[in-house]
Every structure is written in C-alpha cells, then in structure tokens.
Amino acid sequence: MAQAQATMDHKDTVNADKAGLPAIGRAANESKVVNIPVERAEPAPAPLPPAVVAQAAAAPTEAPNRSRRKAKLFGMGLLVTLGAVVAWYPLADHYAPFASGASITAEVTQVAPRVAGPVKHVLISDNAEVKAGQPLFEIDDTTFLMDVAQARGQLDQAMNNVTSGVAAVPAAKAKLAQTEVALTIAQQELERATQLHDKGLLSQAKFNTADANARTALLNVEAAKADLERIKASASTADASNPNVRAAQAALDKAEFALRNTTVLAPADGYVSNLSLAEGQFVAAGTPALTFINPKTQMVIADLRENQLVNVQPGDKAVVMFEAAPGKQFEATVDSIAWGINSGRTTTNGLAQSSNDTRWFPPARKIPVRVSIDDMSALPANVRLGSEASVLIVPEDGVVPAIARGLMGFSGLLSGLN
C-alpha cells in the first residue's frame, strides 16, 4: 500500500513539473491528496492462439455427440444380438436339431452257466477284454463225468439187448414152427374125434378134450407169432433207427452237452464287467454270474423334443461329441426313432386318471433317437458305456448346420475345461 502511494506521489510531482506549476501549488496539491488503498493487479495472461480457442469451444459439444453415438451403436448391436438369438432357436430346431445329455449304449449280456455247480476256476478278471470263445470260468465237472459214464453204459446195454434180440429171432421162429406142428396134430385129432363122436363111438368127454387141445394149439401159434414180431422189432437193427438205441444215444448226448457247458465261454469279442465270482462259489443254472459288453453294438441314444423331429428321418447325417473326447467330432448316422414313449397317464379303479398339470408352459416331451457311429474304431479308449455325449443332426447341408457345427465344436472345447 505504501509503495502504491509513493508511486502515485511521484507521478503527481512529475506531472506538476511538466505543467509548470509552482512548487507551492504542488505542495497544496500534495496536501490535498487523498490516499485510496489500491490492490495490486496481477499481470494479464498472454492471449491464446485462435486454433486452441476454437478447439476448446468445440470440445464440450463433440464429447456428448460421441457418447451418444457409442450408446446408439451398443443399443443397435444388442437388439441385433437378441434378434439373432430369438431367430436361431427355431432355425436350429428345424435345420440342425441338437441334444445334449445323450449317452452311449451297447448290447449288455448277462452271462449265466447252463449247469449248476461250484466254481472250480475263474479264468478272467473284472473289466477284462476277451475274445470270442475264450473260457471265462469253469464249474466242477465231477458229477457230470459220472453222468456221461452212466449214459454210455445205458447205450451199451441197449446195444447188447439189440444183439441178443437178433440172436433170439431163430429161436422164436422155431418156437412158432413147433406150435404150428402142434396145432396141425391137434386139428387132426379133433377131426377123428368128431367122426367117432358122430357115430357114437367116442364119449362126449374125450370129444371135449380133443376140441380144447385144438383151441389151445391155435392160441399157442398166435402167441408165438406175436413173440416173433416183437423180437424182430427190437432186434431189427443196431443203429440209430432202433428206438432203444436212439433213447440211449440221446441220454449220452445230453450228458456230454452238460459236461461241455461246465466251461463257460465268451459269446463274442468284448469286455467283462461286474464279475462276482470266486472259486468254490456255487452258481445255479441260469443265474447271471458276470456282465458281457459287446463293443460292436455301441450306439448313442439322444432325447430330442418333438418339434425337433419335424425334419429328421432315419439315415440322416449326424455329428457326435463326447465329454471324454473334448473338441473331437465323430460322424454318425440316425439309425432309428422311437415309436412311442410312456406318457405317464395312470389308471385308478379301471378308469383313466386325468392330468393335474396347471402350468402354462408344460415341459416338452422328448423322443429317444438312436444314432450309430460310422467308424467305431475311431472312438478313443476312454469312451465307455454310459459316457455322456452331445448329438447334432444334420438333415441337409446349409448355413445353419455349418454354424451349429462351429458352435458345437466351441462348446466341446469349453467342456474340456470343466
């Protein structure tokens, strides 16, 4: 403040000198000076270039416009994405039906022995790979060997009976001839007795005796003929045409068949599972002892909604992916579509029971579809029975199936990370 006052006094003195005023006047003027406090002003900033000034003026206007354009583009992109998603579902269901949660199945055989007995040897281990005709386990064959020996003895006895029957044919013929001679003699005696009885020269008693002898001789002839026919029938041949020999041979074949079945064999090339056998364990005929899986019959079963099957027919191409082989796609073919499923309708007291479902959108019913892999040898070893799979059916080529294949491959890669 003092510096500002001194500056102003100095300026007034200089101005008075320039104007030629007397010193007294200057003194009077100086005595009349009023000291007014003045704040020190900062120096004005240097002026900015015109381009910078124009840019600064335009910046507040361009920033809101750019933000609006970004928001508009984002909104349009979101709408396009939602529209594509909404349109994709019906297109995919019609041109590229997809089903997750499918599983691989195969023919499973419960292997059971045909004969009963204690297990003598277990020749394989659980989850082993076996070949067709390979022995799996053996049953103690002691009693079966005895049955075979007994059946052979019965066959030999039948053969001996046939042989002795053949030898008895001449004796039966001789006996028949003997009875025929006795019949001739009895008939001649009856004729003489009849003549004498008619003349009154023979008593009634002797006539009755002669008649009885003739009747007896006739009966003896008939009996001898029947005996001869019986012997000829039983001793006709000693081969399979003989009924006694056939019966004995059938008994022997049955005993040998049971003996062979004491060793249980693998029905085909495959795998053994759920083996529950131990040596000494008694197994009954027809009781499952292990599970056999035939890998050649492996097939994927997928459940598809009814509206997905509008364009699907047996023989259509398909693509299968397994959780056990992430990212790998296997070519397949639609084998068949199930003709029906259980609707869940029940009956009470012989009458159909109505459904009590009150939901606006009931869950869609799914139909099983069997899909066969074109090259079963391409499946990795870790794909087992019951492995989870995804199935994409391609009724015809096009853009939608191509996109569906790509999405399926991408999802398969992601599934390998879980």
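Residues numbered from 1 in each chain as written. Predicted model: local features only at pLDDT ≥ 70, side-chain atom pairs only at ≥ 80, totals over all residues. Heavy atoms only, no water.

Undergrad: Can you break down the nonpolar core residue by residue, with the values?
TA: In terms of nonpolar packing, the biggest core is built from 24 residues, with Val 300, Val 320, Phe 322, Val 371, Val 391 and Ile 393 touching the most fellow members. Of all the secondary-structure elements, those providing two or more residues to this core are strand S1 (98-111), strand S8 (290-305), strand S9 (317-322), strand S10 (325-337), strand S13 (366-373) and strand S14 (388-394). With near-sequence residues (within four places) excluded, Phe 322 lies in contact with Ile 104, Val 300, Phe 330, Ile 373, Leu 379, Val 383, Glu 388 and Ala 389. Formed by 19 residues, the second largest nonpolar core is a distinct cluster that contains Ile 139, Leu 277, Val 283 and Ala 289. (Core = buried A, V, L, I, M, F, W, Y, C linked by side-chain atoms within 4.5 Å. Buried < 20%, exposed > 50% of the residue type's maximum accessible area, 1.4 Å probe, protein only. Helix = DSSP H or I, 4+ residues; strand = E, 2+ residues; numbered from the N terminus. Contact = heavy atoms within 4.5 Å.)

Undergrad: With reference to specific residues and values, describe the confidence of the model for the protein.
TA: Low pLDDT marks stretches whose predicted atomic positions should not be read closely. Confidence in the prediction of the protein, expressed as mean pLDDT, is 79, and 80% of residues score 70 or more. Per-residue pLDDT stays below 50 along residues 1-34; that stretch engages in 14 contacts with residues further than four places along the chain or on separate chains. (pLDDT = per-residue confidence, 0-100.)

Undergrad: Mind laying out unusual backbone geometry, listing which residues take part and the relevant values?
TA: Residues other than glycine seldom take positive phi values, yet Asn 127 does so here, at roughly 65°. The topology assignment puts Asn 127 in the loop between strand S2 (117-122) and strand S3 (129-130). The phi dihedral of Asn 274 falls on the positive side, at around 55°, and the residue is not glycine.

Undergrad: Give a description of the pattern of salt bridges that names residues and reports values.
TA: Inspection of the entire model under this criterion finds four salt bridges. For the salt bridge of Arg 305 with Asp 93, the shortest nitrogen-to-oxygen distance reads 2.7 Å. Separated by 212 residues along the polypeptide, Arg 305 in strand S8 and Asp 93 in helix H3 (residues 50-95) bring together distant segments of the chain. A relative accessible area of 27% means that Arg 305 is categorised as partly exposed. Across the pair Asp 211 and Arg 215 runs a salt bridge whose closest N-O atoms are separated by 3.1 Å. Here Arg 215 and Asp 211 lie together in helix H5 (residues 204-234), a separation of four residues that amounts to about one turn. Here Asp 211 falls in the partly exposed class, since its relative accessible area comes to 23%. (Salt bridge = Lys/Arg side-chain N within 4 Å of Asp/Glu carboxyl O.)

Undergrad: Got a sec to walk through helix H6 (residues 243-260)? Specific residues and values, please.
TA: End to end, H6 covers 26 Å across 18 residues, agreeing with the expected 26 Å (1.5 Å per residue, within 8%). All buried positions along H6 are accounted for by Val 245, Ala 248, Leu 252, Ala 255 and Ala 258. The arc enclosing the buried residues of H6, seen along the axis, measures out at 160°, which places them on a common side. Turned more than 90 degrees away from the buried face of H6 sit Lys 254 and Arg 260, all of them exposed. (Expected span 1.5 Å × (residues − 1). Arc of directions from axis to C-beta.)

Undergrad: Go over helix H7 (residues 399-415) with me, naming the residues and quoting the values.
TA: With 17 residues, H7 ought to run about 24 Å at 1.5 Å a step, and its terminal C-alpha atoms sit 24 Å apart, in line with that. Listing the buried residues of H7 in full gives Val 400, Pro 401, Ala 404, Met 408, Gly 409, Gly 412 and Ser 415.

Undergrad: Tell me about the environment of Pro 170, and please be specific about residues and values.
TA: Summarising the element assignment, Pro 170 is placed in helix H4 (residues 142-199). Accessibility expressed as a relative area gives 52% for Pro 170, which makes it exposed. When the C-alpha positions of Pro 170 and Ile 231 are compared, they lie 9.8 Å apart, and in sequence the two are 61 residues distant.

Undergrad: Before we move on, can you summarise a nonpolar patch on the surface with the specific residues and values?
TA: Side chains of Phe 74, Leu 78 and Leu 82 sit close together on the surface and give an oily, nonpolar patch of about 320 Å² of accessible area. The topology assignment puts Leu 82 in helix H3. Here Leu 82 falls in the partly exposed class, since its relative accessible area comes to 47%. (Patch = residues over 30% accessible without salt bridge, like charges linked within 9 Å, V, L, I, M, F, W, Y side chains within 5 Å. Areas by Shrake-Rupley, 256 points an atom, 1.4 Å probe, with all protein chains shown as cover.)

Undergrad: Which residues make up the sheet that holds S2, and what values do they have?
TA: An order of S5-S4-S2-S7 is seen for the four strands of this open sheet, with the pairing classed as antiparallel. Only two strands of the sheet have a single neighbouring strand rather than two, namely strand S5 (263-265) and strand S7 (282-283). Where S2 meets strand S4 (residues 135-139), three bridges bridge the pair, whose relative direction is antiparallel. When the bridges of S4 are listed, His 121 appears paired with Glu 138. (Pairing = 2+ DSSP bridges.)

Undergrad: Describe the pairing of S14, listing the residues and the values that go with them.
TA: Counting buried residues along S14, six of its seven residues qualify, which places the element largely inside the surrounding structure. Alignment of S1 against S14, held across four bridges, turns out to be antiparallel. Across the sheet, the residue bridging to Ala 102 is Ala 389, located in S14. Direction of pairing for S9 relative to S14: antiparallel, over a ladder of six bridges.

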